[in-house]
2 protein chains.
Amino acid sequence: MRLTANRIAGILREHGYKLTPQRHAVLKVIAASHDHLTPEVIHEKARLNNPGIGLITVYRTLGLLNDLNLVCRVHSPDGCRSYMMRRPTDHHHHLMCSGCGKVVDFAGCALADLEQRLLEETRFNISGHLLEFYGLCPDCCIPASV
Amino acid sequence: MRLTANRIAGILREHGYKLTPQRHAVLKVIAASHDHLTPEVIHEKARLNNPGIGLITVYRTLGLLNDLNLVCRVHSPDGCRSYMMRRPTDHHHHLMCSGCGKVVDFAGCALADLEQRLLEETRFNISGHLLEFYGLCPDCCIPASV
DNA sequence: ATATTTGCAAAAGGTTTGCAAGACG
DNA sequence: CGTCTTGCAAACCTTTTGCAAATAT
């Protein structure tokens, strides 16, 4: 289940952050989109709600949300600049379409065995991982000639 | 088995690229290191062999190597700007130390089942994945007070 | 001989910082 | 009210581009 903008706003307040219209505009954009968005795109969309908002504020709000683990960065071969909302309860990963950029979440990465093996082999104290799949979504798979 | 600088040089030539001293200097740096290196660091090290080499040339050479799949980008929470040599034959991933930046390769990610499941669930035509583990290596795990 | 490659300088992004004015609580 | 937040401009850093000179083959 995805967080709503209002729920996130509450979390911000709980942490002592002020709830400004600019922050709310950013929250609404991120909560409404299921795709990964660059700071620039978030800025554009946020301006529909709050015409005066500055790109700088978007960066600062993203930093804030990232610190609170409410948002996560999406890595892709053409850049690692996008963010999307993180679902707080369950551990999940992304499957991204190389054609249109669509992102699908999935859970159940089943990497515990591998992690255990790496622990034994390397003695690293493993704290996390990054896993993303790339491919073409059904829409982008359709041959151009059809 | 890792590629040597000379082997890579041969591959470049096979593809019709000229083998300049600058390119060779970059190859030697990358082939000699098992860590991920930023363009800047590669430039610094390459200058030991070729004092006149420009940072621009390092960028261009990295682009070349990346296109030929001889080098791969390393993603980390603090940036995705580093590269390291790719082993051409076998599919592998990285385990990175958050303390010192050391990178350990590993193979056997065993994601085929997961990929199959995602294919069935999403109908994506999956072409690849990105997997990296983070943690502290044994050296960095030692408590500071000891 | 000739097309490629290099390096400089300058441009181009993208992101961060300093600081005065403004706004949340 | 006081402190946190905003926005502008300017700084910053990394990466790319234009072009003449140099060079690998």
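Residues numbered from 1 in each chain as written. Chains lettered and ligands numbered in written order. Predicted model: local features only at pLDDT ≥ 70, side-chain atom pairs only at ≥ 80, totals over all residues. Heavy atoms only, no water.

**Some remarks on the overall build of chain A**
Rules: Secondary structure elements are taken from DSSP: a helix is a run of H or I of four residues or more, a strand is a run of E of two residues or more, and numbering for both begins at the N terminus. Exposed residues in this analysis have more than 50% of their type's maximum accessible area, buried residues have under 20%, and partly exposed residues fall in between, with area computed by a 1.4 Å probe over protein chains only. A contact between two residues is defined here by any heavy atoms of the two lying within 4.5 Å. Note that accessible areas follow from Shrake-Rupley with a 1.4 Å probe, and for residues the cover is restricted to the protein chains shown. Counted charges follow a simple rule, with Lys and Arg positive, Asp and Glu negative, and His plus the chain ends left uncounted. Working definition for charges: the position is that of NZ of Lys, CZ of Arg, CG of Asp or CD of Glu.
Summing up its helical and strand segments, chain A has six helices and five strands in all. Going residue by residue from the N terminus, the α and β elements of chain A occur as α-α-α-α-β-β-β-β-α-β-α. Projected onto its principal axes, the C-alpha positions of chain A cover 50 × 50 × 25 Å. Buried residues in chain A amount to 45% of all 146 residues. Nonlocal contacts in chain A, meaning residues at least 24 apart in sequence, comprise 51% of its contacts between residues at least 6 apart. Carbon and sulfur atoms make up 51% of the accessible area of chain A, which amounts to about 7,900 Å² in all. Charge-centre separation for chain A: the mean point of 16 positive side chains lies 11 Å from the mean point of 14 negative side chains.

**Observations concerning the relation of the copies chain A and chain B**
What counts, and what does not: Alignment of copies: least-squares fit on C-alpha atoms of residues with pLDDT of at least 70 in both copies.
Overlaying chain A on chain B yields an RMSD of 0.1 Å, the required transformation being a rotation through 180° with an accompanying axial translation of 0.0 Å. Within this description, the copies of the chain are treated as partners about a two-fold rotation axis. By C-alpha distance to the rotation axis, the residue of chain A lying nearest is L131 of chain A, at 2.2 Å. Comparing contact sets, 97% of the residues at the interface of chain A also lie at the interface in chain B, consistent with an isologous, same-surface contact.

**Focus on the domain arrangement of chain A**
Residues and elements named next belong to chain A. Operational definition: Segmentation into domains, and thus their bounds, comes from an automatic or database assignment. Defined here as a combined quantity, buried area equals the accessible surface (1.4 Å probe) lost by two parts on assembly, summed across both. Think of a salt bridge as a Lys or Arg side-chain nitrogen and an Asp or Glu carboxyl oxygen that are within 4 Å of each other. Two N or O atoms count as a polar contact when they lie within 3.5 Å, although within protein this holds only if one can serve as hydrogen donor and the other as acceptor, and sequence-adjacent residues are included solely when both atoms are side-chain atoms. For this scheme, ten residues count as nonpolar: Ala, Val, Leu, Ile, Met, Phe, Trp, Tyr, Cys and Pro. Four count as charged, namely Asp, Glu, Lys and Arg, and the remainder, Gly too, count as polar.
Segmentation of chain A into domains returns domain 1 (1–89) and domain 2 (91–139). Here the C-alpha centroids of domain 1 and domain 2 sit 23 Å apart. The interface of domain 1 with domain 2 comprises 13 residues on the first partner and 11 residues on the second. Roughly 970 Å² is buried in total at the junction of domain 1 and domain 2, and carbon and sulfur atoms are behind 56% of that figure. Area buried by domain 1 at its contact with domain 2 is led by H36, H75 and R87, which between them contribute 43% of it. At the boundary of domain 1 and domain 2, one finds zero salt bridges. Between the two partners, domain 1 and domain 2, sit three residue pairs in polar contact (both at pLDDT 80 or more). Sorting elements by how many residues they give to the side of domain 1 that touches domain 2 places strand 1 (residues 71–76) first, with five residues. Considered class by class, the residues forming the side of domain 1 that touches domain 2 number four nonpolar, five polar and four charged.

**Regarding the packing of helix 2 (residues 21–32) of chain A against helix 4 (residues 55–67) of chain A**
Packed helix pairs are specified by the crossing angle of their axes together with the interaxial distance, meaning the distance between the axes. All names here are of chain A. The following threshold applies: Lines fitted to C-alpha atoms define the axes, with helix axes restricted to the stretch in contact, and inter-axis angles between N-to-C directions lie between 0 and 180 degrees. The scheme is simple: roughly parallel for angles under 35 degrees, roughly antiparallel for over 145, roughly perpendicular for 65 to 115, oblique for anything else. Two helices cross in a left-handed way if the nearer one is turned anticlockwise from the farther one by less than a right angle. They cross in a right-handed way if the turn is clockwise.
Put simply, helix 2 and helix 4 touch, their axes get as near as 10 Å, and they point 70° apart. Here helix 4 runs roughly perpendicular to helix 2, going by the angle between their axes. Considering only the axes of helix 2 and helix 4, their crossing is right-handed. In this structure, helix 2 uses Q22, R23, V26, L27 and I30 to contact helix 4, whose residues at the interface are T57, V58, T61, L62, L64 and L65. Looking at the contact of helix 2 with helix 4, its residues break down into seven nonpolar, three polar and one charged.

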